[in-house]
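Examination of the molecular architecture
These are the residues of each chain, in order.
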Amino acid sequence: MMRCDETAAWAALAGHFEAHGRGFDLREAFARDGGRFAALSVEAPEVFADLSKNLIDAATLHFLIDLARECSLEAQRDAMLAGAIANATEGRPVLHTALRAPRGAGPFSADVHGVLDAMLAYAEQVRADGAITDIVNIGIGGSDLGPAMAVRALQPFCNPRQRVHFVSNVDGHDIAPLLATLDAKRTLFIIASKTFTTQETMANAMAARAWFTQQGGTDIARHFAATTTAVKLAADFGISTTFGFWDWVGGRYSLWSAIGLPIAIAVGAEHFRALLAGAHAMDRHFAEAPLAKNLPVLLGLLDCWYRNFHRFTSRSVAPYHQGLARLPAYLQQLEMESNGKRVDAEGRALPFGTSPVVWGEPGTNGQHAYFQMLHQGTDVIPVEFIAVKTPAHALHDQHAKLLANCLAQSQALMLGKSAAEALQDKVPTAAPGYDRAKLAEHRTFPGNRPSTTFVLEALTPRSLGALIALYEHRVFTSGALWGINSFDQWGVELGKAMASQLLPRLASGETSGLDGSTAGLLARLRGA
Ligand code: F6P
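Computed from a predicted structure; not experimentally measured. For every chain, the first residue of the written sequence is number 1, and numbering continues from 1 onward in sequence order. Residues qualify for local features only when their pLDDT is at least 70, as the model is predicted, and side-chain atom pairs are given and counted only at 80 or more; totals for whole chains, interfaces and linings, by contrast, use all residues. To get the side-chain values, take all heavy atoms of the structure and skip hydrogens and water.

With that settled, the discussion passes to the sheet that holds strand 9 (residues 357-359). Only strands joined by at least two bridges in the DSSP assignment are considered to pair. Every helix listed is a DSSP run of H or I at least four residues long, and every strand listed is a run of E at least two residues long, numbered separately from the N terminus. Taking strand neighbours across the sheet as the criterion, the six strands line up as 1-2-11-10-8-9 in an open arrangement whose pairing is mixed. This sheet does not close on itself; its edge strands, each paired only once, are strand 1 (41-44) and strand 9. Here the average twist between neighbouring strands, direction ignored, is 15 degrees. Across five bridges, the pairing between strand 8 (residues 314-320) and strand 10 (residues 383-390) is parallel. Considered in strand 10, the bridge of Y320 is made with A387. Two residues qualify as a contact provided that any one of their heavy atoms is within 4.5 Å of a heavy atom in the partner residue. Under this scheme, a helix contributes an axis fitted over its contacting stretch, all axes are lines through C-alpha atoms, and angles between N-to-C directions fall in the 0 to 180 degree range. Relative to the sheet, helix 15 (residues 327-339) contacts strand 8, strand 9 and strand 10, its axis offset from that of strand 9 by approximately 165 degrees.

Encoded structure:
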């Protein structure tokens, strides 16, 4: 397998970047080519994407697709989908796509559909249980972010009679105020942990069990369920209602598995199946569409172009839908835990950048916070806008305002505003020391700042499934080009180990052998 920087296409891209990429101007590109929008927009299942406001042209795409071919992207994709060991450092296949394949279609279909049927039957049973009003999912990382993001996104589809809460942080400020609002007889706790050993989740699970018992609760079997690959550990904890999954499901790729139980309870079995079906439709697009019209592939290639040639270090996500408020946090784990790597699959240090920083807030809120920097800051940060055509409310005027803002931001980023235009502004009396010309400099926007806009018809279980699968495959694509293992996460281990070593020292005050800063902080926190 060739790594991106070893290919002829990489050298061609470097030459193309110097000749046409560095000085590429979006405004000129649109002026030159009336067909640019049509040529650079892609219709994928449930997601329309306008790529035309990106710093690319037909030649860039040509070289990028050559890069994909030379890196054997299609062979790598096919191998992953067929169950090859795509996570080599842990010796595991990577088969989250099997979780959404129709019955009888994907690898491990009997196992997958056996658990899915049981999990959905249980979800329906909980939904029909008049005594249960609150469901609390206790999990962190992939055992929290996906379900929390999806339940929020699908709020119009949720059972209004039952509230679904998410507790993740080991910080007692997360679970304690929630417990204070709950009635033990009316609460179901789901302990969600792939490994069933994660410190935060076990601490919160024990706090929940202790609280339940203190409240006089005895029926753990009825009020606790677990979603885990470690069925035995859940049983040792005292939980008998357990839905399992497998080590070939990565934590950040697990919302389609039993980890999706809170989603299924919130929206019901039929909508959960629609979520899976939307993801499966995107899987097929990824597996079958030609590279030039394959949306996840194009996005992954664009990520490589921006990160490695333009050297942009960050990408902002701006969902213009309040329901997608947790999407940026979800994508941070998906993308940065997957592709935040500094060595390739062979363990060789990489001479180029990998995962960008991914961040964002829903529009229009972000506009009134950090968009200043996006428009006029010294760094160029590509933005990904997500617009939803049909809202789930009847406030149509507000929806029109939302969409106008979404369109305006990508337009303003691209078009900018020259100093000459700014001079024409009718500004109120300038501040002392600021003549019109000097003030115009402050009111100038460089423009030519790239963005992508996704359009969904409506935010539904099906379209959400497709959107998330799109992001998963885009992360696979850039990871495959960079030659890294996108499916391990060794970088989280060191801090975990050190926290375990520091825990007893917090109690004892023992600081011998610690660095000066950690010793000083530990003493300060103990009040010594
Ligand atoms: O610490 C990182 C991580 O391992 C994530 O990859 C995972 O999603 C999260 O912790 C939670 O792990 P678990 O589901 O095993 O509790």
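Still more ground to cover, so stick around.
Here the focus is the nonpolar core. The criterion is simple. A nonpolar core is a set of buried Ala, Val, Leu, Ile, Met, Phe, Trp, Tyr and Cys residues joined through side-chain atoms within 4.5 Å. Note on exposure labels: buried denotes an accessible area under 20% of the residue type's maximum, exposed denotes more than 50%, and partly exposed covers the range between, all computed with a 1.4 Å probe on protein chains only. By size, the foremost hydrophobic cluster in this structure holds 114 residues, and its most contacted members are L67, L327 and L464. I138, A184, A208 and A234 belong to the second-largest nonpolar core, a separate cluster that totals 23 residues.

Our focus in this paragraph is the pattern of salt bridges. Salt bridges, as used here, are contacts in which a Lys or Arg side-chain nitrogen is within 4 Å of a carboxyl oxygen on Asp or Glu. Evaluated as defined, the whole model comprises 31 salt bridges. When the shortest N-O distance is used, the salt bridge between D25 and R27 registers 3.0 Å. For D25, a relative accessible area of 16% puts it in the buried group. Between R474 and D303 there is a salt bridge; the shortest N-O distance is 2.6 Å. On the criterion of sequence distance, the pair formed by R474 in helix 20 (residues 461-482) and D303 in helix 14 (residues 295-309) is long-range, its members being 171 residues apart. Among the residues examined, R474 registers a relative accessible area of 1% and is labelled buried.

Time to look at the side chain of D303. A relative accessible area of 7% means that D303 is categorised as buried. D303 has contacts with R315, E335, R474, S478 and W482, leaving out every residue within four places of it along the chain.

Moving on, we come to the pairing of strand 10. For strand 10, a buried count of six out of eight residues is recorded, marking the element as mostly surrounded by other parts of the structure. Here strand 10 pairs with strand 11 (residues 451-458) via seven bridges, running parallel. Looking at the pairing, V388 lines up with L456 of strand 11.

Attention now goes to the site of the ligand. To be near a molecule or strand, a residue needs just one of its heavy atoms within 4 Å of it. Taken together, 14 residues sit near the ligand, with S143, S193, K194, T195 and T198 positioned nearest. Any pair of nitrogen or oxygen atoms within 3.5 Å is treated as a polar contact; in protein, a donor-acceptor pairing is required on top of that, and neighbouring residues in sequence qualify only through side-chain atoms on both sides. Between the ligand and the protein, one listed contact pairs an oxygen atom with a side-chain N or O atom of Q333 at 3.2 Å. A cavity here means a set of 1 Å grid points, computed over protein atoms only, where a 1.4 Å probe fits but cannot escape. A pocket is an open set with protein on both sides within 12 Å along at least 5 of 7 lines, and lining residues have an atom within 4 Å of a point. More than half of a molecule's atoms within 2 Å of the grid points is what it takes for that molecule to sit in a cavity or pocket. In this structure the site holding the ligand corresponds to the largest pocket. Gly is put with the polar residues, along with every residue not named as nonpolar or charged; the nonpolar set is Ala, Val, Leu, Ile, Met, Phe, Trp, Tyr, Cys and Pro, and the charged set is Asp, Glu, Lys and Arg. Grouping the amino acids of the shell around the ligand by side-chain chemistry returns two nonpolar, nine polar and three charged.

Next up on the list: the packing of aromatic side chains. We describe a pair of aromatic rings using the distance from one ring centre to the other and the angle between the two ring planes. Planes of paired rings set the category: under 30 degrees apart is stacked, over 60 is edge-to-face and the rest tilted, where pairs are Phe, Tyr or Trp rings (Trp by its six-membered ring) whose centres lie within 6.5 Å. In total, this model carries 21 aromatic pairs according to the counting rule given. Aromatic pair F37 and F48: ring centres 6.0 Å apart, planes at 45 degrees, arrangement tilted. Here F37 is found in helix 3 (residues 36-39), whereas its partner F48 is found in strand 2 (residues 47-50), with 11 residues between them in sequence. For F37, a relative accessible area of 41% puts it in the partly exposed group. Linked through ring pairs, W10, F17, W305, F309 and F352 together constitute an aromatic cluster. Over the ring of F30 we find R36; its NZ or CZ atom is 5.2 Å from the centre of that ring. As a reminder, the over-ring test applies to NZ of lysine and CZ of arginine, requiring each to be within 6 Å of the ring centre and within 35 degrees of the ring normal.

Another aspect to go through is the pairing of strand 4 (residues 163-167). As paired strands, strand 3 (residues 134-138) and strand 4 are joined by five bridges and run parallel to one another. Bridging from a neighbouring strand, I138 pairs with V167 of strand 4. Classification remark: right-handed applies to a crossover when, strands pointing away from the viewer, the course from the first strand over the helix to the second runs clockwise. With respect to chirality, the unit in which strand 3 leads through helix 7 (residues 145-153) into the neighbouring parallel strand 4 is right-handed.

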